[in-house]
Amino acid sequence: FAPRHLLSIADLTPAEFATLVRNAASHKRAIKSGAIPQSLLGSMSGKTVAMMFNKRSTRTRVSTEAATVQMGGHPMFLGKDDIQLGVNESLYDTSVVISSMVSCIVARVAKHSDVAGLAKHSSVPVINALCDSFHPLQIIADFLTIYESFTPKAHGLSSLGLEGLKIAWVGDANNVLFDLAIGATKMGVDMAVATPKGYEIPADMLEIIQRSGEGVSAPGKLTQTNVPEEAVKDADILVTDTWVSMGQEEEAKKRMKAFEGFQITDDLAKRGGAKEGWKFMHCLPRHPEEVSDEVFYSPRSLVFPEAENRLWAAIAALEGFVVNKGKIVE
Ligand code: CP
Ligand code: NVA
């Protein structure tokens, strides 16, 4: 029996994605009010989560460890200097060996093919904790944040009632954007993406994003531009991320230059004509060049609730993929 993995939001149907977000929301409400749902209590008891992290992490590490402990399981952090992988042992051998001893692998690696390879040979669910193409745990938390911050319309199981909202992404076309765009397409949320010339969404990724709208009655529309003001027009939410992702450090100087003029500021929102009540989101860690302090620390900014929501997203993902073995139900 092959385990079900979570490598990208693209692996989820719209109903499953919406259910994970709703489950995260209801577990958050219940746990914060002191009523831990019976179905969660001790649900990971006796289960070990191997966290194979080849890159730094604050939020993903802390949220995964805390979620595992809250559910009664044991997180085992395996940093890049702790295990033989990459130095002395192949991905195949590592995957077979680790998965024979634990209940789940949460992996942060560089290449998507590495996490996909790990999943292929693992006998337990693999959850992608960020690779160069996707960041599904972040996007469950992001949609939870949007769901809590905007008034959802009446909706069925396959939706979050967020249809008609518009997200403007101003900055680099990266892993976080790709999965966010997939989630938005599935949820009927429109996205306008502004990147500098030469930093647009690659064609193969555009295809994945577009395909993720198949079977959705009114999929979110994606547009691209090289002009930040154009993307921001009528947007409800302005989003960005670092201009230099982990692994791109050598390109830092070139990127800083290319992204000049792409900082999110109040002035950009005004010039571009964002909606009056626009909000700001960022997966963090943040650097001042991509967003001004006046926006980042303003009441418009959802960044800290968004970061906290990583915990509730991790709980919902572990419940769906480990406790319920890939069956995503309310
Ligand atoms: N947003 C996010 O994934 O943060 P970390 O790199 O700190 O885990
Ligand atoms: N795009 C960033 C996200 C970090 C959470 C990176 O890959 O480094």
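Residues numbered from 1 in each chain as written. Chains lettered and ligands numbered in written order. Predicted model: local features only at pLDDT ≥ 70, side-chain atom pairs only at ≥ 80, totals over all residues.

Description of the sheet that holds strand β9 (residues 279-282)
Here five strands make up an open sheet; going across it, the order is β7-β6-β5-β8-β9 and the pairing parallel. On the outer flanks of this sheet lie β7 (222-225) and β9, each paired with one strand and no other. Ignoring strand direction, the axes of neighbouring strands in this sheet form an average angle of 20 degrees. Inspection of the sheet shows strand β8 (residues 237-240) paired to β9 by four bridges, in the parallel sense. Paired with leucine 238 across the two strands is phenylalanine 280, which belongs to β9. (Pairing = 2+ DSSP bridges. Helix = DSSP H or I, 4+ residues; strand = E, 2+ residues; numbered from the N terminus. Axes fitted to C-alpha atoms, helices over the stretch in contact; angles between N-to-C directions.)

Some words on the sheet that holds strand β4 (residues 126-128)
Pairing is parallel in the open sheet, where four strands are placed in the order β2-β1-β3-β4. Both edges of this open sheet fall to β2 (74-79) and β4, since each of them pairs with a single strand only. Here the average twist between neighbouring strands, direction ignored, is 20 degrees. In this structure, strand β1 (residues 48-53) lies alongside strand β3 (residues 104-108), joined through five bridges in parallel fashion. Opposite alanine 50, over in β3, you have isoleucine 105 as the bridge partner. Here helix α2 (residues 59-70) sits on the sheet and contacts β1, β2 and β3; the angle it forms with β2, its principal contact strand, is near 155 degrees. (Contact = placed C-beta atoms within 7 Å.)

Quick word on the UniProt feature "domain: Aspartate/ornithine carbamoyltransferase Asp/Orn-binding" (unreviewed entry) in the protein chain
As recorded in UniProt, the sites labelled "domain: Aspartate/ornithine carbamoyltransferase Asp/Orn-binding" (unreviewed entry) are residues 163-318. In this annotation, residues 163-318 is assigned 39% helix and 14% strand; the end-to-end C-alpha distance for the span is 27 Å. (UniProt positions renumbered as here; feature names shortened; annotations may be inferred.)

Things to note about the site of ligand 1
With respect to spatial proximity, the complete set of residues near ligand 1 consists of Ser57, Thr58, Arg59, Thr60, Leu130, Gln138, Cys283, Leu284 and Pro285. For the shell around ligand 1, the domains that each give at least three residues are domain 1 (9-134 + 310-323) and domain 2 (138-307). (Near = placed C-beta within 6 Å. Domains from an automatic or database assignment.)

Let's talk about the site of ligand 2
The environment of ligand 2 is formed by Leu130, Asn174, Asn175, Val176, Asp241, Thr242, Ser245, Met246 and Cys283. Grouping the constituent residues of the shell around ligand 2 by class yields four nonpolar, four polar and one charged. (Nonpolar A, V, L, I, M, F, W, Y, C, P; charged D, E, K, R; others polar.)

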